[in-house]
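Take a look at the letters that make up each chain.
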Amino acid sequence: MGAGVAAVGRVPPKSTSVEGGPAGRVASRPRKLTEPRLVRWLLTGLALGFLGLFLLLPLTAVFVEALRNGFGPYLDSVREPDAVAALKLTLLAAAFAVPANLIFGVAAGWAIAKFRFPGRTLLTTLIDLPFAVSPVISGMVFVLLFGRQGLLGSWAADHDLRIVFAVPGIVLATIFVSFPFVAREVIPVMEAAGTQEEEAARVLGAGGFQTFFRVTLPNIKWGVLYGAILCNARAMGEFGAVSVVSGKIRGETNTLPLHVEILYNEYMFQAAFAVASLLTLLAVVTLIVKTILERKLHS
Amino acid sequence: MKRSVLPGFKLTLGYTLAYLTVIVLIPLLTLPLKAASVPWEQFTATITDPRVIASYRLSIGASFVAACINAFFGLIVAWVLVRYSFPGRRIVDSLVDLPFALPTAVAGITLTTLCAPNGWVGQLLEPYGIKIAFTRVGVTIALIFIGLPFVVRTLQPVIEDLDVEIEEAATSLGATRLKVVTRVILPYLYPAWLTGFALSFARAVGEYGSVVFISGNMPMRTEISPLLIITKLEQFDYAGATAIAVVMLSISFAMLLIINALQGWTTRRVAG
């Protein structure tokens, strides 16, 4: 219960019954307990064909389109001032969102995994809420809150604060959409680690922070990193929510995904794909780090 | 509450609740608050506008079709990844998460370029008069892409945990392989399979970035609900945008409840 919507990148509870991999891969199975060879080939072909068409083909297309006119134009599109400004804003938004959600995730993990209290399941469900909300609505609520007609709009205007259609709105929307990632990875890892080691440390006279940094953190570090890398990928790649709050002022409130959209809509396809290829590289790196971390988490 | 020797409960719970309230709950509460200030006639007029209804039907219909296709292929992919070995299996396994990691805007422009009449896929279908880009088929393709990992990732751990002894028992009692799969294995997978389907569907209903490029955004035909919200916001019609958003958010929360119930069912099935 309470796992909420979107099992995004959740570490699957891998089976431990057979050493060196999930239980009963075909090589280790008697013939009666698997499908006939022809069926196996057919299913493997279907699976690989589907993934090839829907994943590998788009992945390849990004780089082919980006390099359509060779390396020179590619580098020009990536180095162009508006692209650099967009890159800086994307990094800035992630630089706020990832640490903020990381601290929150660890605090929430400590409270939820190490203690039992009424409303604990509800709290876990509430943390997953941002996953259930359409990205467009995630951005829209900040416009409703801080926009000119918004509930806090006049307060913001009185204090000369520009929040929506400015950088603070982009940062807030980014924090919102990447909110659950660290918490939902850290909670199960902390639960699995239990409380005995911390209790022992406390009984032996360790202080609260000493216990956390010396005992808890080493146990959960891969889980924290796993959550942080997923949080970062979402923060840097968010489009819908940021699109609503940004106002899309070139060089000012444009993030990389928004810059891709503008270039594409202006029929500058090669430049759009060049910038998109940066985001695709980020995705590929995220997948590689994620795979490495999953192995560490299960060993 | 049981007393614990561990410190920091009040501090961490207090911080968790405060941060959750400021970042998530207060912003989300503005939506019903704003909706309450919209006159009822205006609210119902907005959500029963034919253009808005057409967008709901497209968002829900295309999401349903995409989730069905993902349920079918997701089962095969999960089965193949867990049960069979072939070269490159681990790379393929990692690649399944690509739609989670790839920004939706990138997916959107890439799928559009591939499916456009002069694209790699589009030009193969062009001679037969089949159009994908800027049609409902295109919308569905984008939604298949972004919902693809859910079914695979919810089924994988359950297939891994399948007890070999059950299959052995059925086989030794004389069941054919086909019977074992359809009568023993598939019923065991139903809860997780449905959960994956529901997750894929829920994600697709609210999706924006990967769809806006390939859909062509023709009112009444290929315009999705999230895009209508953005259009209303850009016209400063906040009341209209709020009305559409409230309906969408209600659908999302209903899905959240269903998914929670399904996950409870999965856990009980796997544990028992």
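(A) Here's a closer look at the overall build of chain A. Each helix and strand in chain A was counted, giving 14 helices and zero strands. Helices (α) and strands (β) of chain A occur, in sequence order from the N terminus, as α-α-α-α-α-α-α-α-α-α-α-α-α-α. The buried share of chain A, reckoned over its 299 residues, is 49%.

(B) Examining the interface of chain A and chain B more closely. Of the residues lining the interface, 93 residues belong to chain A; the matching set on chain B comes to 90 residues. Counting residues per element, the side of chain A that touches chain B draws most heavily on helix H1 (residues 37-66) of chain A, at 15 residues. For the side of chain A that touches chain B, a count of residues per class yields 63 nonpolar, 17 polar and 13 charged.

(C) Expanded view of the packing of helix H3 (residues 81-114) of chain A against helix H9 (residues 180-193) of chain A. All names here are of chain A. At a minimum axis distance of 8 Å, the contact between H3 and H9 shows a crossing angle of 35 degrees. The interaxial crossing formed by H3 with H9 has right-handed handedness. Contacts between H3 and H9 involve Asn-101, Leu-102, Phe-104, Gly-105, Val-106, Ala-108, Gly-109, Trp-110, Ile-112, Ala-113 and Lys-114 from the first element and Phe-181, Val-182, Ala-183, Val-186, Ile-187, Met-190 and Glu-191 from the second. Its residues placed into classes, the contact of H3 with H9 shows 13 nonpolar, three polar and two charged.

(D) Representation of the nonpolar core. Core analysis: the biggest nonpolar cluster contains 172 residues, and A:Met140, A:Val260, A:Val275, A:Ala276, B:Val77, B:Leu155 and B:Ala245 have the highest contact counts within it. When residues in this core are grouped by element, the largest group, 17 residues, is from H3(A). For this core, the two domains that each supply at least three residues are domain 1 (28-66) and domain 2 (70-298) of chain A. With sequence-adjacent residues up to four places away left out, A:Val275 is seen in contact with A:Ser77, A:Val78, A:Ala83, A:Leu256, A:His259, A:Val260 and A:Leu263.

(E) Representation of the packing of helix H6 (residues 135-146) of chain A against helix H1 (residues 9-36) of chain B within the structure. Direction vectors running N to C along H6(A) and H1(B) enclose 70 degrees, while the axes themselves pass 8 Å from each other. With respect to H1(B), the axis of H6(A) lies roughly perpendicular. Contacts between H6(A) and H1(B) involve A:Val141, A:Phe142, A:Leu144 and A:Leu145 from the first element and B:Pro27, B:Leu28, B:Thr30, B:Leu31 and B:Lys34 from the second. When the residues that make up the contact of H6(A) with H1(B) are grouped by side-chain class, the tally is seven nonpolar, one polar and one charged.

(F) Geometry of unusual backbone geometry. Here B:Asn217, not a glycine, exhibits a phi torsion of approximately 55 degrees, which is positive. Structurally, the position occupied by B:Asn217 is in the loop between helix H11 (209-215) and helix H12 (225-234).

(G) Structural view of the environment of B:Tyr238. Structurally, B:Tyr238 can be placed in helix H13 (residues 238-271). Overall, B:Tyr238 belongs to the buried group, with 21 C-beta atoms counted inside 10 Å. Sequence-distant contacts of B:Tyr238, that is, excluding residues within four places in its chain, are made with A:Leu144, A:Gln149, B:Lys34 and B:Leu233.

(H) Representation of the environment of B:Pro27 in the model. Positionally, B:Pro27 belongs in helix H1. Look past the residues within four positions of B:Pro27 in its chain and what remains in contact with it is A:Val141, A:Phe142, A:Leu145 and A:Phe176.

So, how was this worked out
Residues numbered from 1 in each chain as written. Chains lettered and ligands numbered in written order. Predicted model: local features only at pLDDT ≥ 70, side-chain atom pairs only at ≥ 80, totals over all residues. Helix = DSSP H or I, 4+ residues; strand = E, 2+ residues; numbered from the N terminus. Buried ≥ 20, exposed ≤ 12 C-beta atoms within 10 Å, placed from the backbone. Contact = placed C-beta atoms within 7 Å. Nonpolar A, V, L, I, M, F, W, Y, C, P; charged D, E, K, R; others polar. Axes fitted to C-alpha atoms, helices over the stretch in contact; angles between N-to-C directions. Left-handed = near helix turned anticlockwise from the far one by under 90°. Core = buried A, V, L, I, M, F, W, Y, C linked by C-beta atoms within 7 Å. Domains from an automatic or database assignment. Parallel < 35°, antiparallel > 145°, perpendicular 65-115°, else oblique.

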